[in-house]
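Reading the structure
One-letter residues, chain by chain:
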Amino acid sequence: MKLTKVQNRFIKNKNMGFSLMKGKSLTGKTITALHRVINLENNYCLYKDDKVLFLSSNSNELINNNNLYENISKESEFYSLFSLSARRVEFNLIDSLIKEYSNKYLKLNGLNLELVSFDKGFELLNSVEFNEKMNGFLKKSKVLNKISAEELYNEIMWIKSCNFTKEEYNEVERKGRKYRIIRNSFTREAIYSLKKVYNDLLIDNGFYDIYDETSFAIKYAKENNNNNKYTHIVLDNVESLTKGQIEFAKSIYANCLYSSFVFIINNDKSSDDMCWLVKGRKLKTLGADFKGKSFAFKKEFIDQDNMKNTFIDKYEYINLKYKNIVDFNLDNSSPKKEIYLNDNTVFSEEELEEVDVYNDIAAGNPIEINEEVLEKFLLPKGWLEKGKDTFILHVKGDSMIDKNINDGDMVVIKRQNTAYNNEIVAASLDGEATLKTLKLNGEAPMLVPANPKYSEIYLEGKEVSILGVAIGVIKNKLN
């Protein structure tokens, strides 16, 4: 594999401590990081308990990175006196590791709490106890008088996602936040106090939320994990993480003389206002000095040696009506429009339909609808309903995982404005799109998730329209 000068400089860099890789997608950051991981494993894991952790935020990327590591390590040039036959590299999802550490914290402290949904948590802001505390601050704060309950809840969630102390929140630059709130003001003091009231209400009702989960994980790592930390950590997609998630990753870092911590950042900043690196946020706020240890990847990287392996895209199609699963392949190097199955069945161009693919639909909390067509995707006409308009949406979130619809999947939607009970629907809810199961047999219609950590959404009094009914799911099967 022929790597660029920038890639080789990073891979063989002898400076330990914190370093930064940044660049656009497809510039070779991940493949470079994996080569670096192998170098670290063989040359900078000096003792038998030293280990390397590669943290991802996406399950498909996690699988892909692990597979790439296995392939690259077989041809590694970095073997040394410190190399062992036992593997010392671990690939994990940051959310999975946070959940593991959080559960240890709950067990250690004898806490029997249930993970609450955002909708259920928001209900606590309308409680008598919360409003009594809120009323005590209204006379002295103009901001609290003009913001809505939803906006206050969002601010409280942001404080929690950042795992701020009171002093940190009073001083922080609120980049990307809607309202200007003066530092060290009465309003900041009041909002932080209301955050504590909300936390107490959660605990009193037997709940904790996903940001508490991160906070618990950090506490456990700092208090009980001194002998089980990682010598080297690579943290991918930092732009998509909250400050709390980044802090957790740093809490499990050994930080010795020969250890290293790599931040990988895509230059396209996340649009999620809970993510730490919103537009305008400086990299130094990650708590590291990158002077002399920052590597910019500017050109698109093409692995010439492995191009032959990238021509075949492998997918799995799940027919939701008949419950059957079909593996199929697309040859992206061929000028012909063809799909072929593993049993050598071939669908030619006249047997295929080009289906519009749109950006995202939330399997989680609703997100804004984006009507821009991203691409066309080929599917056999027989897999679609004849005469029906069909489109495809990328799934974002995990609220439908019990229906085997995961983050990163594509869901095939039959466009229609009505649906039957128990059908999985794409719905527009107050102008935002979500994917849920429609329930019509209760006292009121509602959208129901397939993940116990989310609550159902009651539709009474809401502006709702059905965009279509899910008829299939497409899963990308990595080579």
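This structure is a prediction, so every number in the text was calculated from the model and none was measured.

Positionally, K279 belongs in the loop between β7 (260–266) and β8 (294–297). The sequence separation of K279 and E239 amounts to 40 residues, and the corresponding C-alpha distance is 10.0 Å.

Moving on, we come to the sheet that holds β8. The strands making up a sheet associate through hydrogen bonds between their backbones, and the pairing can be parallel or antiparallel. Sheet architecture is open: six strands sit in the order β3-β2-β6-β7-β1-β8, paired in parallel fashion. Strand pairing shows two members of the sheet lacking a second neighbour, β3 (89–93) and β8, which therefore form its edges. In this sheet, adjacent strand axes meet at a mean angle of 15° when their direction is disregarded. Sheet topology places strand β1 (residues 17–23) next to β7; seven bridges connect them, and they run parallel. Bridged to F18 within β7 is F261. Relative to the sheet, helix α2 (residues 29–43) contacts β1, β2 (52–56), β3, β6 (232–235), β7 and β8, its axis offset from that of β2 by approximately 160°.

With that settled, consider helix α6 (residues 128–138). Within α6 the residues assigned to the buried category are F130, M134 and F137. Viewed along the axis of α6, the buried residues span an arc of 55°, placing them on a single side of the element. Residues of α6 that are exposed and point more than 90 degrees away from the buried face comprise V128, E132 and G136. For α6, the elements touching its buried residues are α7 (142–146), α8 (149–162) and α10 (186–204).

Take unusual backbone geometry next. For N237, which is not glycine, the phi dihedral falls at a positive 50°. Secondary-structure assignment places N237 in the loop between β6 and α12 (243–251). Here N237 falls in the buried class, since its relative accessible area comes to 9%. A positive phi angle, near 55°, is found at N255, a position not held by glycine.

Once that is clear, we can look at the pairing of strand β22 (residues 464–477). The sheet contact formed by strand β9 (residues 312–319) and β22 spans six bridges and is antiparallel. Each residue of the ladder has a partner; that of I318, found in β22, is V473. Pairing between strand β17 (residues 410–415) and β22: six bridges, direction antiparallel. What sits directly across from M410, in β22, is I474. Note: strand β18 (residues 424–429) against β22, five bridges, orientation antiparallel. Across the sheet, residue S428 finds its bridge partner in β22, namely S465.

Under the counting rule described, the total for this entry stands at zero disulfides. Cysteine C45 is unpaired, with the sulfur of C256 as its nearest cysteine sulfur at 9.4 Å. Judged by its relative accessible area of 1%, C45 falls in the buried class. No disulfide involves C275; its sulfur sits 10.0 Å from the nearest other cysteine sulfur, which is in C162.

Let's shift gears to the packing of aromatic side chains. Taken as a whole, this structure holds 30 aromatic pairs when the rule is applied. Pairing F18 with F261 gives two aromatic rings, centres 5.4 Å apart and planes at 45°, and the pair type is tilted. Of this pair, F18 sits in strand β1 while F261 is found in strand β7, placing the two residues 243 residues apart along the sequence. The class for F261 is buried, based on a relative accessible area of 0%. Put simply, the rings of Y315, Y317, F328, F347, F377 and W383 touch in pairs and so form one group of aromatic residues. If you follow R36 out to its NZ or CZ, it ends over the ring of F10, 5.8 Å from the centre. Sitting over the ring of Y230, K51 keeps its end group 4.7 Å from the ring centre.

In this structure, F130, L152, L235 and F263 are the most contacted members of the largest nonpolar core, which totals 68 residues. Counting residues per element, this core draws most heavily on α10, which supplies eight residues. If we skip the residues at most four places from it in the chain, L235 touches L55, I94, L241, I246, A249, F261, V262, F263 and I264.

The predicted model of the protein chain has a mean per-residue pLDDT of 86, with 89% of residues at 70 or higher. Every residue in residues 306–310 is under pLDDT 50, and counting partners more than four places away or in other chains gives four contacts.

Here the focus is the packing of α8 against α10. Helix-helix packing is described using two parameters, namely the angle between the two axes and the distance between the axes. Where α8 contacts α10, the axes come no closer than 10 Å and their chain directions differ by 85°. As far as their axial angle goes, α10 and α8 are roughly perpendicular. Of the residues in α10, those touching α8 at L152, Y153, E155, I156, M157, I159 and K160 are I191, Y192, L194, K195, Y198, N199 and L202. Counted by class, the contact of α8 with α10 contains ten nonpolar, one polar and three charged residues.

Looking now at empty space enclosed by the protein. Under the definition given, this model contains two cavities of 30 Å³ or more. Counted as a void, the second largest cavity has a volume near 30 Å³. Taken together, F10, N13, N15, M16, G17, S19, R36, S260 and V262 make up the full set of residues lining the second largest cavity. Counting residues per element, the ones that place at least two in the lining of the second largest cavity are β1 and β7.

Locating S141 in the fold gives a position in the loop between α6 and α7. For S141, a relative accessible area of 2% puts it in the buried group. Of the polar contacts made by the side chain of S141, one reaches the backbone nitrogen of L144; its length is 3.2 Å. Aside from chain neighbours lying at most four places away, what touches S141 is F186 and T187.

Among the secondary structure elements, N103 is positioned in helix α4 (residues 94–108). On the accessibility criterion, N103 (40% relative accessible area) is partly exposed. Once the C-alpha coordinates of N103 and E213 are considered, the two residues, 110 residues apart in sequence, prove to be 8.2 Å apart.

Conventions adopted
- Residues numbered from 1 in each chain as written.
- Predicted model: local features only at pLDDT ≥ 70, side-chain atom pairs only at ≥ 80, totals over all residues.
- Heavy atoms only, no water.
- Helix = DSSP H or I, 4+ residues; strand = E, 2+ residues; numbered from the N terminus.
- Pairing = 2+ DSSP bridges.
- Axes fitted to C-alpha atoms, helices over the stretch in contact; angles between N-to-C directions.
- Contact = heavy atoms within 4.5 Å.
- Buried < 20%, exposed > 50% of the residue type's maximum accessible area, 1.4 Å probe, protein only.
- Arc of directions from axis to C-beta.
- Disulfide = S-S within 2.5 Å.
- Phe/Tyr/Trp six-rings, centres within 6.5 Å; stacked < 30°, edge-to-face > 60°.
- Lys NZ or Arg CZ within 6 Å of the ring centre and 35° of its normal.
- Core = buried A, V, L, I, M, F, W, Y, C linked by side-chain atoms within 4.5 Å.
- pLDDT = per-residue confidence, 0-100.
- Parallel < 35°, antiparallel > 145°, perpendicular 65-115°, else oblique.
- Nonpolar A, V, L, I, M, F, W, Y, C, P; charged D, E, K, R; others polar.
- 1 Å grid on protein atoms, 1.4 Å probe; cavity = no way out; pocket = protein on both sides within 12 Å on 5 of 7 lines; lining within 4 Å.
- Points joined across faces, edges and corners; volume = space filled by probe spheres on them.
- Polar contact = N/O pair within 3.5 Å; in protein donor to acceptor, adjacent residues only side chain to side chain.

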